[in-house]
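# Structural overview
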Amino acid sequence: MNRADNHILVIFGASGDLTYRKLIPAVFDLYKQNLLPEKFAVLGAGRTEFSNDKFRDKMKDGIKKFSNFKEDDENNIDDFLKHITYIALDTENQEDFKKLKVHLETLDNNLDTKGNIIYYLSTPPSLYGVIPTLLGEVGLNNNTNGSRKKLIVEKPFGYDLESALELNKKLSKYFKEEQIYRIDHYLGKETVQNILVTRFSNGIFEPLWNRNYVHHVEITSVENIGIENRGGYYDSSGALRDMVQNHLLQLTGLIAMEPPSSFDSNSLRNEIVKVFQSFRPFSEKDILKNSIRGQYTAATIRGEKVSGYREEKGVKKDSRTESYFAMKLFIDNWRWGGVPFYIRTGKRMPTKVTEVVIHFKQTPHFLFSKTDAANSCNQLILRIQPDEGVLFKIGMKVPGQGFDIQNVNMDFHYSDLSNTYLPTAYERLLYDCMIGDSTLYQRADAVEAAWKFVDPILNAWKNNEKIPIYGYPAGTWGPEKADNLIEEKDMTWRHPCKNLAEDGIYCEL
Ligand code: BG6
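## Here's the deal with the nonpolar core
In this structure, Phe-12, Phe-80, Leu-100, Leu-104 and Tyr-119 are the most contacted members of the largest nonpolar core, which totals 146 residues. By residue number, the principal contributor to this core is helix α13 (residues 444-463), which donates 11 residues.

## Examining the layout of surface pockets
In this structure, the second largest pocket encloses a volume near 490 Å³. The wall of the second largest pocket is formed by 19 residues, among which Tyr-159, Arg-241, Leu-458, Trp-461 and Lys-462 lie closest to the centre. A per-element tally of the lining of the second largest pocket places α13 first, with five residues. Across the lining of the second largest pocket, the residue classes tally to three nonpolar, five polar and 11 charged.

## Regarding the site of the ligand
Taken together, the neighbourhood of the ligand is formed by Lys-155, His-185, Tyr-186, Lys-189, Glu-223, Arg-230, Asp-242, Met-243, His-247, Lys-347, Lys-352 and Gln-385. Here Arg-230 contributes a side-chain N or O atom positioned 2.8 Å from an oxygen atom of the ligand. Contact between the ligand and Gln-385: an oxygen atom at 2.7 Å from a side-chain N or O atom of the residue. Computed on the free molecule, the ligand has an accessible area of 400 Å², of which 82% lies beneath the protein chains in the complex. Ranked by residue count, the leading element in the shell around the ligand is helix α9 (residues 239-256), at three residues. Along the lines of polarity and charge, the residues of the shell around the ligand split into two nonpolar, three polar and seven charged.

## Details of unusual backbone geometry
Look at the link from Lys-155 to Pro-156: it is a cis peptide, with omega at 5°. For Pro-156, the location among the structural elements is in the loop between β5 (149-153) and α6 (161-174). Notably, Asn-34 is not glycine yet its phi reads approximately 60°, a positive angle. Here Asn-34 lies in the loop between α1 (17-32) and β2 (40-46). Phi is positive for Lys-114, close to 55°, though the residue is something other than glycine. Positionally, Lys-114 belongs in the loop between α4 (94-111) and β4 (117-121). A residue is classified by how much of its surface remains accessible, and Lys-114, at 55% relative accessible area, is exposed.

## Some details on helix α2 (residues 52-66)
With 15 residues, α2 should cover 21 Å at 1.5 Å per step; its first-to-last C-alpha distance of 21 Å lies within 8% of that length. Of the residues making up α2, those classed as buried are Phe-55, Arg-56, Met-59, Lys-60, Gly-62 and Ile-63. Projected onto a plane normal to the axis of α2, the buried residues spread over an arc of 165° and lie on a single side. Exposed side of α2, more than 90 degrees from the buried face: Asp-53, Lys-54 and Asp-57 are the residues found there.

## Focus: the sheet that holds β4
The strand order across the open sheet formed by six strands is β3-β2-β1-β4-β5-β6, and the pairing between neighbours is parallel. Each edge of the open sheet carries a strand with a single partner, namely β3 (84-88) and β6 (180-182). The sheet shows a mean angle of 20° between the axes of neighbouring strands, direction not considered. Lying on the sheet, α1 is in contact with β1 (7-12), β2, β3 and β4; it crosses β1 at an angle near 170°.

## Observations regarding empty space enclosed by the protein
On inspection of all chains with the given rule, the structure shows four cavities of 30 Å³ or more. The space that makes up the largest cavity amounts to roughly 70 Å³. Taken together, Val-153, Glu-154, Lys-155, Phe-157, Arg-182, Ile-183, Gln-245, Asn-246, Gln-442 and Val-447 form the lining of the largest cavity. Its residues placed into classes, the lining of the largest cavity shows four nonpolar, three polar and three charged.

## Remarks on the pattern of salt bridges
The full count for this structure, using the stated rule, is 31 salt bridges. Between Glu-271 and Lys-274 there is a salt bridge, with the nearest N and O atoms lying 3.3 Å from each other. With Glu-271 and Lys-274 both in helix α10 (residues 265-278), this residue pair falls three residues apart, about one helical turn. Glu-271 sits in the buried class, given a relative accessible area of 11%. When the shortest N-O distance is used, the salt bridge between Lys-328 and Glu-487 registers 2.8 Å. With Lys-328 in strand β11 (residues 324-330) and Glu-487 in the segment after β17 (470-473), the pair connects residues that are 159 residues apart, well separated along the chain. Classification of Lys-328 as buried rests on a relative accessible area of 8%.

Calculation rules
Residues numbered from 1 in each chain as written. Predicted model: local features only at pLDDT ≥ 70, side-chain atom pairs only at ≥ 80, totals over all residues. Heavy atoms only, no water. Core = buried A, V, L, I, M, F, W, Y, C linked by side-chain atoms within 4.5 Å. Buried < 20%, exposed > 50% of the residue type's maximum accessible area, 1.4 Å probe, protein only. Helix = DSSP H or I, 4+ residues; strand = E, 2+ residues; numbered from the N terminus. 1 Å grid on protein atoms, 1.4 Å probe; cavity = no way out; pocket = protein on both sides within 12 Å on 5 of 7 lines; lining within 4 Å. Points joined across faces, edges and corners; volume = space filled by probe spheres on them. Nonpolar A, V, L, I, M, F, W, Y, C, P; charged D, E, K, R; others polar. Near = heavy atom within 4 Å. Polar contact = N/O pair within 3.5 Å; in protein donor to acceptor, adjacent residues only side chain to side chain. Areas by Shrake-Rupley, 256 points an atom, 1.4 Å probe, with all protein chains shown as cover. Expected span 1.5 Å × (residues − 1). Arc of directions from axis to C-beta. Pairing = 2+ DSSP bridges. Axes fitted to C-alpha atoms, helices over the stretch in contact; angles between N-to-C directions. Contact = heavy atoms within 4.5 Å. Salt bridge = Lys/Arg side-chain N within 4 Å of Asp/Glu carboxyl O.

What follows is the structure in C-alpha coordinates.
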(Lines give C-alpha, C1' and ligand atoms only; values in the text may rest on other atoms or scores of the structure.)
Protein backbone atom coordinates (compact mmCIF):
# COMPACT_ATOMS: atom_id res chain seq x y z
CA MET A 1 0.00 0.00 0.00
CA ASN A 2 1.21 3.47 -0.83
CA ARG A 3 1.72 6.32 1.49
CA ALA A 4 -0.66 9.21 1.00
CA ASP A 5 0.58 12.67 -0.01
CA ASN A 6 1.50 15.04 2.79
CA HIS A 7 -1.58 16.08 4.74
CA ILE A 8 -2.95 17.94 7.73
CA LEU A 9 -5.86 16.32 9.55
CA VAL A 10 -8.05 18.76 11.48
CA ILE A 11 -10.43 17.11 13.92
CA PHE A 12 -13.32 19.28 15.06
CA GLY A 13 -14.76 18.03 18.34
CA ALA A 14 -11.34 16.77 19.34
CA SER A 15 -12.09 16.70 23.05
CA GLY A 16 -14.82 14.12 22.50
CA ASP A 17 -14.90 10.39 22.96
CA LEU A 18 -14.61 9.45 19.30
CA THR A 19 -11.27 11.22 18.93
CA TYR A 20 -9.95 9.60 22.09
CA ARG A 21 -11.21 6.05 21.49
CA LYS A 22 -11.18 5.68 17.73
CA LEU A 23 -9.63 8.44 15.64
CA ILE A 24 -6.26 9.06 17.26
CA PRO A 25 -5.67 5.34 17.97
CA ALA A 26 -6.45 4.70 14.27
CA VAL A 27 -4.03 7.43 13.12
CA PHE A 28 -1.39 5.93 15.39
CA ASP A 29 -2.01 2.47 13.88
CA LEU A 30 -1.46 3.95 10.41
CA TYR A 31 1.70 5.63 11.65
CA LYS A 32 2.99 2.31 12.96
CA GLN A 33 2.49 0.71 9.57
CA ASN A 34 4.18 3.55 7.71
CA LEU A 35 0.95 4.42 5.98
CA LEU A 36 0.80 8.02 7.04
CA PRO A 37 2.27 10.61 4.69
CA GLU A 38 5.90 11.40 5.12
CA LYS A 39 4.89 14.77 6.50
CA PHE A 40 1.67 15.08 8.41
CA ALA A 41 0.11 16.91 11.30
CA VAL A 42 -3.01 16.36 13.35
CA LEU A 43 -4.68 19.45 14.69
CA GLY A 44 -7.33 18.92 17.34
CA ALA A 45 -9.89 21.72 17.45
CA GLY A 46 -12.65 22.28 19.96
CA ARG A 47 -14.22 24.57 22.50
CA THR A 48 -12.51 23.01 25.50
CA GLU A 49 -9.23 24.70 26.46
CA PHE A 50 -6.26 22.33 26.27
CA SER A 51 -2.55 23.01 26.11
CA ASN A 52 -0.77 20.91 23.49
CA ASP A 53 0.74 18.82 26.27
CA LYS A 54 -2.56 18.21 28.03
CA PHE A 55 -4.18 17.20 24.76
CA ARG A 56 -1.28 14.88 23.93
CA ASP A 57 -1.52 13.27 27.38
CA LYS A 58 -5.16 12.50 26.81
CA MET A 59 -4.47 11.09 23.34
CA LYS A 60 -1.62 8.99 24.71
CA ASP A 61 -4.02 7.43 27.15
CA GLY A 62 -6.44 6.68 24.28
CA ILE A 63 -3.65 5.04 22.25
CA LYS A 64 -2.61 2.91 25.20
CA LYS A 65 -6.15 1.69 25.66
CA PHE A 66 -7.55 1.37 22.16
CA SER A 67 -4.79 1.15 19.55
CA ASN A 68 -3.92 -2.13 17.82
CA PHE A 69 -0.36 -1.28 18.91
CA LYS A 70 -1.22 -0.35 22.47
CA GLU A 71 1.72 -2.29 23.83
CA ASP A 72 4.15 -0.20 21.79
CA ASP A 73 7.22 1.41 23.23
CA GLU A 74 6.42 4.63 25.08
CA ASN A 75 9.09 6.52 23.08
CA ASN A 76 7.40 5.61 19.81
CA ILE A 77 4.10 6.91 21.10
CA ASP A 78 5.80 10.13 22.22
CA ASP A 79 7.41 10.56 18.79
CA PHE A 80 4.03 10.19 17.17
CA LEU A 81 2.45 12.66 19.58
CA LYS A 82 4.87 15.37 18.41
CA HIS A 83 2.77 15.54 15.24
CA ILE A 84 -0.32 16.48 17.24
CA THR A 85 -1.29 19.97 18.37
CA TYR A 86 -4.48 21.52 19.66
CA ILE A 87 -6.29 24.78 19.06
CA ALA A 88 -9.22 26.01 21.14
CA LEU A 89 -11.87 27.76 19.10
CA ASP A 90 -15.49 28.68 19.14
CA THR A 91 -16.85 26.48 16.38
CA GLU A 92 -19.55 29.03 15.56
CA ASN A 93 -17.43 32.15 15.39
CA GLN A 94 -16.01 33.39 12.10
CA GLU A 95 -13.20 35.33 13.79
CA ASP A 96 -11.90 32.07 15.26
CA PHE A 97 -11.91 30.50 11.81
CA LYS A 98 -9.78 33.35 10.54
CA LYS A 99 -7.30 32.49 13.30
CA LEU A 100 -7.55 28.85 12.30
CA LYS A 101 -6.67 29.82 8.76
CA VAL A 102 -3.49 31.58 9.86
CA HIS A 103 -2.60 28.62 12.05
CA LEU A 104 -3.11 26.16 9.17
CA GLU A 105 -1.09 28.30 6.77
CA THR A 106 1.84 28.25 9.18
CA LEU A 107 1.59 24.47 9.63
CA ASP A 108 1.30 24.04 5.89
CA ASN A 109 4.40 26.14 5.21
CA ASN A 110 6.45 24.39 7.87
CA LEU A 111 5.51 20.93 6.71
CA ASP A 112 5.13 21.46 3.00
CA THR A 113 1.71 19.81 3.04
CA LYS A 114 0.81 21.72 -0.15
CA GLY A 115 -2.56 22.82 1.19
CA ASN A 116 -3.87 19.24 1.57
CA ILE A 117 -6.24 19.24 4.50
CA ILE A 118 -8.85 16.79 5.80
CA TYR A 119 -11.47 18.31 8.08
CA TYR A 120 -13.09 15.71 10.30
CA LEU A 121 -16.45 16.67 11.81
CA SER A 122 -16.71 14.79 15.07
CA THR A 123 -18.82 17.43 16.80
CA PRO A 124 -22.49 17.36 17.83
CA PRO A 125 -24.50 17.01 14.59
CA SER A 126 -25.98 20.51 15.03
CA LEU A 127 -22.56 21.84 13.92
CA TYR A 128 -22.29 19.76 10.74
CA GLY A 129 -23.77 22.55 8.68
CA VAL A 130 -22.11 25.41 10.58
CA ILE A 131 -18.43 24.41 10.44
CA PRO A 132 -18.22 23.77 6.66
CA THR A 133 -19.95 27.10 6.06
CA LEU A 134 -17.42 28.95 8.21
CA LEU A 135 -14.56 27.07 6.55
CA GLY A 136 -15.96 28.19 3.21
CA GLU A 137 -16.46 31.78 4.30
CA VAL A 138 -12.81 32.16 5.29
CA GLY A 139 -11.61 30.36 2.14
CA LEU A 140 -10.47 27.11 3.71
CA ASN A 141 -12.54 24.97 1.37
CA ASN A 142 -11.04 25.45 -2.08
CA ASN A 143 -8.73 23.08 -3.87
CA THR A 144 -6.50 25.97 -4.89
CA ASN A 145 -3.15 25.36 -6.64
CA GLY A 146 -3.69 21.63 -6.90
CA SER A 147 -4.29 21.22 -3.15
CA ARG A 148 -6.95 18.84 -1.86
CA LYS A 149 -9.44 19.78 0.85
CA LYS A 150 -11.72 17.03 2.08
CA LEU A 151 -14.49 16.95 4.60
CA ILE A 152 -15.36 13.84 6.62
CA VAL A 153 -18.81 13.97 8.20
CA GLU A 154 -19.62 11.59 11.05
CA LYS A 155 -22.99 9.99 11.48
CA PRO A 156 -25.82 10.74 12.12
CA PHE A 157 -26.18 12.41 8.75
CA GLY A 158 -29.48 14.19 9.34
CA TYR A 159 -32.36 13.34 11.59
CA ASP A 160 -34.82 12.56 8.81
CA LEU A 161 -35.06 13.06 5.06
CA GLU A 162 -35.75 16.77 5.30
CA SER A 163 -32.78 17.53 7.56
CA ALA A 164 -30.48 15.30 5.46
CA LEU A 165 -31.49 17.19 2.31
CA GLU A 166 -30.93 20.46 4.12
CA LEU A 167 -27.50 19.36 5.33
CA ASN A 168 -26.45 18.16 1.87
CA LYS A 169 -27.51 21.54 0.54
CA LYS A 170 -25.47 23.41 3.15
CA LEU A 171 -22.37 21.28 2.55
CA SER A 172 -22.61 21.64 -1.20
CA LYS A 173 -22.48 25.43 -0.93
CA TYR A 174 -18.74 25.32 -0.24
CA PHE A 175 -17.68 21.72 -0.89
CA LYS A 176 -18.12 19.68 -4.05
CA GLU A 177 -19.57 16.17 -3.73
CA GLU A 178 -16.16 14.62 -4.44
CA GLN A 179 -14.73 16.52 -1.46
CA ILE A 180 -17.36 15.17 0.96
CA TYR A 181 -16.80 11.86 2.76
CA ARG A 182 -19.88 10.73 4.74
CA ILE A 183 -18.67 8.09 7.12
CA ASP A 184 -20.45 4.89 8.04
CA HIS A 185 -17.91 2.97 10.05
CA TYR A 186 -19.55 -0.38 9.18
CA LEU A 187 -18.25 0.03 5.63
CA GLY A 188 -14.74 0.25 7.06
CA LYS A 189 -14.98 -3.17 8.70
CA GLU A 190 -12.89 -5.88 7.02
CA THR A 191 -15.68 -8.41 7.32
CA VAL A 192 -18.18 -6.05 5.70
CA GLN A 193 -15.83 -5.57 2.75
CA ASN A 194 -15.48 -9.34 2.64
CA ILE A 195 -19.15 -9.50 1.62
CA LEU A 196 -18.07 -8.03 -1.70
CA VAL A 197 -15.21 -10.48 -2.06
CA THR A 198 -17.36 -13.47 -1.09
CA ARG A 199 -19.95 -12.52 -3.67
CA PHE A 200 -17.83 -11.27 -6.54
CA SER A 201 -14.69 -13.38 -6.43
CA ASN A 202 -16.36 -16.78 -6.08
CA GLY A 203 -18.14 -18.06 -9.16
CA ILE A 204 -20.27 -20.55 -7.23
CA PHE A 205 -22.37 -18.00 -5.34
CA GLU A 206 -23.61 -15.76 -8.13
CA PRO A 207 -25.94 -18.34 -9.76
CA LEU A 208 -27.55 -18.98 -6.35
CA TRP A 209 -27.71 -15.39 -5.16
CA ASN A 210 -31.30 -14.59 -6.10
CA ARG A 211 -34.99 -15.32 -5.57
CA ASN A 212 -34.71 -18.74 -7.26
CA TYR A 213 -32.48 -20.18 -4.55
CA VAL A 214 -32.59 -17.83 -1.59
CA HIS A 215 -35.51 -18.32 0.76
CA HIS A 216 -34.83 -15.36 3.01
CA VAL A 217 -31.98 -13.23 4.35
CA GLU A 218 -31.46 -12.40 8.00
CA ILE A 219 -29.34 -9.51 9.21
CA THR A 220 -28.73 -9.19 12.94
CA SER A 221 -26.70 -6.55 14.72
CA VAL A 222 -27.27 -6.56 18.45
CA GLU A 223 -25.36 -5.47 21.52
CA ASN A 224 -25.33 -6.52 25.13
CA ILE A 225 -24.59 -3.01 26.36
CA GLY A 226 -27.38 -0.57 27.11
CA ILE A 227 -27.27 3.05 26.02
CA GLU A 228 -24.47 3.75 28.50
CA ASN A 229 -24.00 7.47 29.09
CA ARG A 230 -25.55 8.49 25.75
CA GLY A 231 -29.14 8.83 26.97
CA GLY A 232 -29.48 12.41 25.75
CA TYR A 233 -28.49 11.51 22.19
CA TYR A 234 -30.11 8.08 22.08
CA ASP A 235 -33.50 9.08 23.37
CA SER A 236 -33.95 11.48 20.50
CA SER A 237 -32.57 8.95 18.05
CA GLY A 238 -33.58 5.36 18.76
CA ALA A 239 -32.50 2.11 17.13
CA LEU A 240 -34.01 2.82 13.72
CA ARG A 241 -32.04 6.05 13.27
CA ASP A 242 -28.96 4.92 15.19
CA MET A 243 -28.33 1.55 13.52
CA VAL A 244 -30.80 0.74 10.76
CA GLN A 245 -30.91 3.86 8.56
CA ASN A 246 -27.14 3.64 8.14
CA HIS A 247 -25.25 0.49 9.16
CA LEU A 248 -27.89 -2.15 8.53
CA LEU A 249 -29.19 -0.71 5.29
CA GLN A 250 -25.60 -0.49 4.06
CA LEU A 251 -25.14 -4.19 4.87
CA THR A 252 -28.40 -4.90 3.02
CA GLY A 253 -27.11 -2.88 0.07
CA LEU A 254 -23.90 -4.93 -0.15
CA ILE A 255 -25.78 -8.23 0.10
CA ALA A 256 -28.44 -7.28 -2.43
CA MET A 257 -26.59 -5.14 -4.99
CA GLU A 258 -25.92 -6.14 -8.58
CA PRO A 259 -22.28 -6.77 -9.48
CA PRO A 260 -20.77 -3.38 -10.34
CA SER A 261 -19.14 -3.03 -13.72
CA SER A 262 -15.85 -2.13 -12.06
CA PHE A 263 -14.52 -1.54 -8.59
CA ASP A 264 -14.38 2.22 -8.75
CA SER A 265 -16.21 4.30 -6.22
CA ASN A 266 -19.07 5.41 -8.42
CA SER A 267 -19.86 2.03 -10.00
CA LEU A 268 -20.11 0.41 -6.60
CA ARG A 269 -22.10 3.19 -5.03
CA ASN A 270 -24.47 3.38 -8.00
CA GLU A 271 -25.45 -0.22 -7.34
CA ILE A 272 -26.02 0.39 -3.63
CA VAL A 273 -28.29 3.33 -4.35
CA LYS A 274 -30.32 1.19 -6.75
CA VAL A 275 -30.97 -1.29 -3.95
CA PHE A 276 -32.12 1.49 -1.62
CA GLN A 277 -34.41 2.81 -4.32
CA SER A 278 -35.94 -0.65 -4.71
CA PHE A 279 -36.95 -1.06 -1.05
CA ARG A 280 -40.70 -1.55 -0.93
CA PRO A 281 -42.02 1.48 0.98
CA PHE A 282 -43.78 0.75 4.27
CA SER A 283 -47.45 1.76 4.46
CA GLU A 284 -48.97 2.21 7.92
CA LYS A 285 -50.43 -1.28 7.57
CA ASP A 286 -46.95 -2.69 6.81
CA ILE A 287 -45.53 -0.92 9.82
CA LEU A 288 -47.97 -2.77 12.06
CA LYS A 289 -47.52 -6.08 10.29
CA ASN A 290 -43.87 -6.07 9.26
CA SER A 291 -42.04 -4.19 11.96
CA ILE A 292 -41.66 -4.40 15.72
CA ARG A 293 -40.17 -1.92 18.11
CA GLY A 294 -39.25 -2.58 21.69
CA GLN A 295 -37.73 -1.11 24.81
CA TYR A 296 -35.74 -2.99 27.43
CA THR A 297 -37.11 -3.26 30.92
CA ALA A 298 -35.20 -3.72 34.18
CA ALA A 299 -33.89 -7.21 34.79
CA THR A 300 -31.23 -9.17 36.59
CA ILE A 301 -28.55 -10.45 34.24
CA ARG A 302 -26.26 -13.08 35.73
CA GLY A 303 -26.92 -11.81 39.21
CA GLU A 304 -26.50 -8.16 38.32
CA LYS A 305 -29.43 -5.76 38.34
CA VAL A 306 -29.65 -3.57 35.25
CA SER A 307 -31.98 -0.62 34.74
CA GLY A 308 -34.76 -0.50 32.24
CA TYR A 309 -34.47 1.90 29.30
CA ARG A 310 -36.79 4.48 30.89
CA GLU A 311 -34.66 4.55 34.05
CA GLU A 312 -31.48 5.38 32.13
CA LYS A 313 -29.88 8.80 32.60
CA GLY A 314 -31.02 11.32 30.00
CA VAL A 315 -34.10 9.29 29.00
CA LYS A 316 -37.65 10.58 29.48
CA LYS A 317 -39.68 8.63 32.01
CA ASP A 318 -42.46 8.10 29.49
CA SER A 319 -40.13 7.71 26.49
CA ARG A 320 -41.41 5.79 23.47
CA THR A 321 -37.98 5.62 21.85
CA GLU A 322 -37.12 2.12 20.64
CA SER A 323 -34.01 0.34 21.86
CA TYR A 324 -34.96 -2.62 19.66
CA PHE A 325 -36.22 -2.70 16.11
CA ALA A 326 -36.93 -5.56 13.73
CA MET A 327 -38.52 -5.58 10.31
CA LYS A 328 -39.37 -7.66 7.29
CA LEU A 329 -38.29 -5.81 4.21
CA PHE A 330 -38.78 -6.53 0.51
CA ILE A 331 -36.60 -5.41 -2.35
CA ASP A 332 -38.76 -5.04 -5.41
CA ASN A 333 -36.46 -5.91 -8.26
CA TRP A 334 -35.83 -8.91 -10.50
CA ARG A 335 -33.15 -10.48 -8.35
CA TRP A 336 -35.02 -10.30 -5.04
CA GLY A 337 -38.74 -10.16 -5.89
CA GLY A 338 -40.61 -11.92 -3.05
CA VAL A 339 -37.55 -12.70 -0.87
CA PRO A 340 -37.99 -11.34 2.67
CA PHE A 341 -35.03 -9.63 4.35
CA TYR A 342 -35.36 -9.82 8.15
CA ILE A 343 -33.39 -7.15 9.92
CA ARG A 344 -33.04 -6.69 13.66
CA THR A 345 -31.02 -4.60 16.07
CA GLY A 346 -31.18 -3.94 19.76
CA LYS A 347 -29.44 -2.87 22.92
CA ARG A 348 -29.27 -5.04 26.04
CA MET A 349 -29.49 -8.31 24.17
CA PRO A 350 -27.73 -11.41 25.48
CA THR A 351 -24.53 -10.71 23.53
CA LYS A 352 -22.85 -8.50 20.95
CA VAL A 353 -23.02 -9.96 17.48
CA THR A 354 -23.43 -8.81 13.88
CA GLU A 355 -24.03 -11.33 11.15
CA VAL A 356 -25.76 -11.92 7.84
CA VAL A 357 -27.43 -15.24 7.17
CA ILE A 358 -28.42 -16.32 3.67
CA HIS A 359 -31.04 -19.04 4.05
CA PHE A 360 -31.27 -21.13 0.91
CA LYS A 361 -34.43 -22.83 -0.21
CA GLN A 362 -35.25 -26.42 0.60
CA THR A 363 -34.61 -28.93 -2.18
CA PRO A 364 -37.69 -29.15 -4.45
CA HIS A 365 -38.49 -32.66 -3.30
CA PHE A 366 -37.30 -33.81 0.07
CA LEU A 367 -36.23 -37.47 0.07
CA PHE A 368 -35.06 -37.93 3.60
CA SER A 369 -36.76 -37.59 6.95
CA LYS A 370 -35.80 -34.58 8.96
CA THR A 371 -37.15 -33.40 12.24
CA ASP A 372 -36.46 -29.73 11.77
CA ALA A 373 -36.59 -29.37 8.00
CA ALA A 374 -37.56 -25.72 7.93
CA ASN A 375 -34.59 -24.44 9.92
CA SER A 376 -32.06 -26.87 8.52
CA CYS A 377 -31.80 -25.74 4.92
CA ASN A 378 -28.39 -24.65 3.71
CA GLN A 379 -27.25 -21.45 5.31
CA LEU A 380 -24.33 -19.20 4.52
CA ILE A 381 -23.42 -17.15 7.56
CA LEU A 382 -21.20 -14.12 7.18
CA ARG A 383 -20.09 -13.24 10.66
CA ILE A 384 -19.17 -9.57 10.80
CA GLN A 385 -18.21 -9.58 14.49
CA PRO A 386 -17.07 -11.07 16.85
CA ASP A 387 -15.30 -14.36 15.98
CA GLU A 388 -15.22 -13.01 12.44
CA GLY A 389 -15.58 -15.59 9.72
CA VAL A 390 -17.80 -17.45 7.29
CA LEU A 391 -19.78 -20.59 7.91
CA PHE A 392 -21.65 -22.77 5.46
CA LYS A 393 -24.18 -25.27 6.74
CA ILE A 394 -24.84 -28.41 4.76
CA GLY A 395 -26.78 -31.59 5.45
CA MET A 396 -24.77 -34.78 5.93
CA LYS A 397 -25.72 -38.39 6.42
CA VAL A 398 -25.35 -39.54 10.00
CA PRO A 399 -23.23 -42.69 9.75
CA GLY A 400 -25.20 -45.86 10.41
CA GLN A 401 -28.44 -47.47 9.34
CA GLY A 402 -31.09 -45.49 7.48
CA PHE A 403 -30.73 -41.99 6.10
CA ASP A 404 -30.68 -39.66 9.03
CA ILE A 405 -29.36 -36.21 8.24
CA GLN A 406 -27.46 -33.80 10.38
CA ASN A 407 -26.47 -30.25 9.57
CA VAL A 408 -22.72 -29.74 9.70
CA ASN A 409 -20.63 -26.62 9.37
CA MET A 410 -17.84 -25.77 6.97
CA ASP A 411 -16.27 -22.78 8.54
CA PHE A 412 -13.50 -20.26 8.29
CA HIS A 413 -12.40 -18.05 11.16
CA TYR A 414 -10.22 -15.01 10.67
CA SER A 415 -8.49 -15.97 13.90
CA ASP A 416 -7.11 -19.06 12.11
CA LEU A 417 -5.04 -16.86 9.81
CA SER A 418 -1.65 -16.39 11.34
CA ASN A 419 0.24 -13.13 10.92
CA THR A 420 -2.81 -11.37 9.61
CA TYR A 421 -3.40 -7.87 10.75
CA LEU A 422 -7.06 -6.79 10.96
CA PRO A 423 -7.19 -3.02 10.64
CA THR A 424 -9.91 -1.16 12.47
CA ALA A 425 -12.71 0.46 10.50
CA TYR A 426 -11.48 4.00 11.21
CA GLU A 427 -7.96 3.12 10.18
CA ARG A 428 -9.15 1.88 6.82
CA LEU A 429 -11.49 4.80 6.26
CA LEU A 430 -9.02 7.51 7.26
CA TYR A 431 -6.41 6.01 4.96
CA ASP A 432 -8.89 5.82 2.08
CA CYS A 433 -9.81 9.45 2.56
CA MET A 434 -6.13 10.47 2.53
CA ILE A 435 -5.57 8.73 -0.78
CA GLY A 436 -8.83 10.15 -2.14
CA ASP A 437 -10.77 6.88 -2.38
CA SER A 438 -14.41 7.41 -1.45
CA THR A 439 -15.68 3.90 -2.38
CA LEU A 440 -16.41 3.05 1.25
CA TYR A 441 -18.06 6.36 2.05
CA GLN A 442 -21.71 7.19 1.49
CA ARG A 443 -22.82 9.36 -1.34
CA ALA A 444 -25.50 12.02 -0.86
CA ASP A 445 -28.09 10.15 -2.93
CA ALA A 446 -27.64 6.96 -0.87
CA VAL A 447 -28.12 8.77 2.43
CA GLU A 448 -31.22 10.45 1.07
CA ALA A 449 -32.66 7.20 -0.33
CA ALA A 450 -32.12 5.49 3.03
CA TRP A 451 -33.96 8.28 4.84
CA LYS A 452 -36.74 8.16 2.28
CA PHE A 453 -37.34 4.54 3.21
CA VAL A 454 -37.12 5.11 6.98
CA ASP A 455 -39.10 8.36 7.17
CA PRO A 456 -42.63 6.87 6.86
CA ILE A 457 -41.93 4.57 9.81
CA LEU A 458 -40.68 7.45 11.95
CA ASN A 459 -43.65 9.59 10.95
CA ALA A 460 -46.16 6.86 11.70
CA TRP A 461 -44.67 6.38 15.18
CA LYS A 462 -44.85 10.11 15.76
CA ASN A 463 -48.42 10.48 14.58
CA ASN A 464 -50.01 7.30 15.80
CA GLU A 465 -49.70 6.61 19.51
CA LYS A 466 -51.52 3.33 18.99
CA ILE A 467 -48.55 1.69 17.28
CA PRO A 468 -47.29 -0.49 20.10
CA ILE A 469 -43.85 -0.50 21.64
CA TYR A 470 -43.16 -3.80 23.35
CA GLY A 471 -41.11 -4.28 26.49
CA TYR A 472 -38.44 -6.97 26.69
CA PRO A 473 -36.42 -7.86 29.77
CA ALA A 474 -32.81 -6.66 29.47
CA GLY A 475 -30.56 -9.55 28.51
CA THR A 476 -33.09 -11.31 26.28
CA TRP A 477 -33.46 -11.53 22.49
CA GLY A 478 -36.12 -8.80 22.31
CA PRO A 479 -39.92 -8.80 22.31
CA GLU A 480 -41.44 -12.24 21.76
CA LYS A 481 -43.66 -10.63 19.16
CA ALA A 482 -40.64 -10.30 16.88
CA ASP A 483 -40.71 -14.07 16.34
CA ASN A 484 -44.01 -13.66 14.51
CA LEU A 485 -42.37 -11.51 11.84
CA ILE A 486 -41.04 -14.72 10.36
CA GLU A 487 -44.32 -16.14 9.21
CA GLU A 488 -43.08 -19.36 7.66
CA LYS A 489 -44.07 -22.39 9.67
CA ASP A 490 -41.39 -23.64 12.08
CA MET A 491 -38.90 -20.94 11.14
CA THR A 492 -37.28 -18.65 13.68
CA TRP A 493 -34.44 -16.16 13.82
CA ARG A 494 -31.09 -17.89 13.84
CA HIS A 495 -29.68 -18.21 17.32
CA PRO A 496 -26.28 -16.70 16.63
CA CYS A 497 -24.21 -18.25 19.39
CA LYS A 498 -23.34 -21.86 19.77
CA ASN A 499 -22.36 -21.35 23.33
CA LEU A 500 -22.51 -17.98 24.93
CA ALA A 501 -19.77 -17.47 27.48
CA GLU A 502 -20.80 -16.75 31.04
CA ASP A 503 -20.00 -13.06 30.73
CA GLY A 504 -22.16 -12.83 27.63
CA ILE A 505 -19.40 -11.10 25.71
CA TYR A 506 -18.00 -13.83 23.50
CA CYS A 507 -20.23 -15.10 20.76
CA GLU A 508 -18.81 -18.07 18.94
CA LEU A 509 -19.57 -18.53 15.25
C1 BG6 B 1 -22.79 3.41 16.38
C2 BG6 B 1 -24.05 3.57 17.19
O3 BG6 B 1 -22.93 4.00 15.12
O4 BG6 B 1 -22.53 2.02 16.22
C5 BG6 B 1 -23.92 2.88 18.53
O6 BG6 B 1 -24.29 4.96 17.39
C7 BG6 B 1 -23.52 1.44 18.37
O8 BG6 B 1 -25.13 2.97 19.28
C9 BG6 B 1 -22.31 1.34 17.44
O10 BG6 B 1 -23.19 0.94 19.65
C11 BG6 B 1 -22.02 -0.11 17.11
O12 BG6 B 1 -20.82 -0.18 16.40
P13 BG6 B 1 -19.92 -1.48 16.45
O14 BG6 B 1 -18.81 -1.20 15.52
O15 BG6 B 1 -19.49 -1.64 17.88
O16 BG6 B 1 -20.81 -2.60 16.02
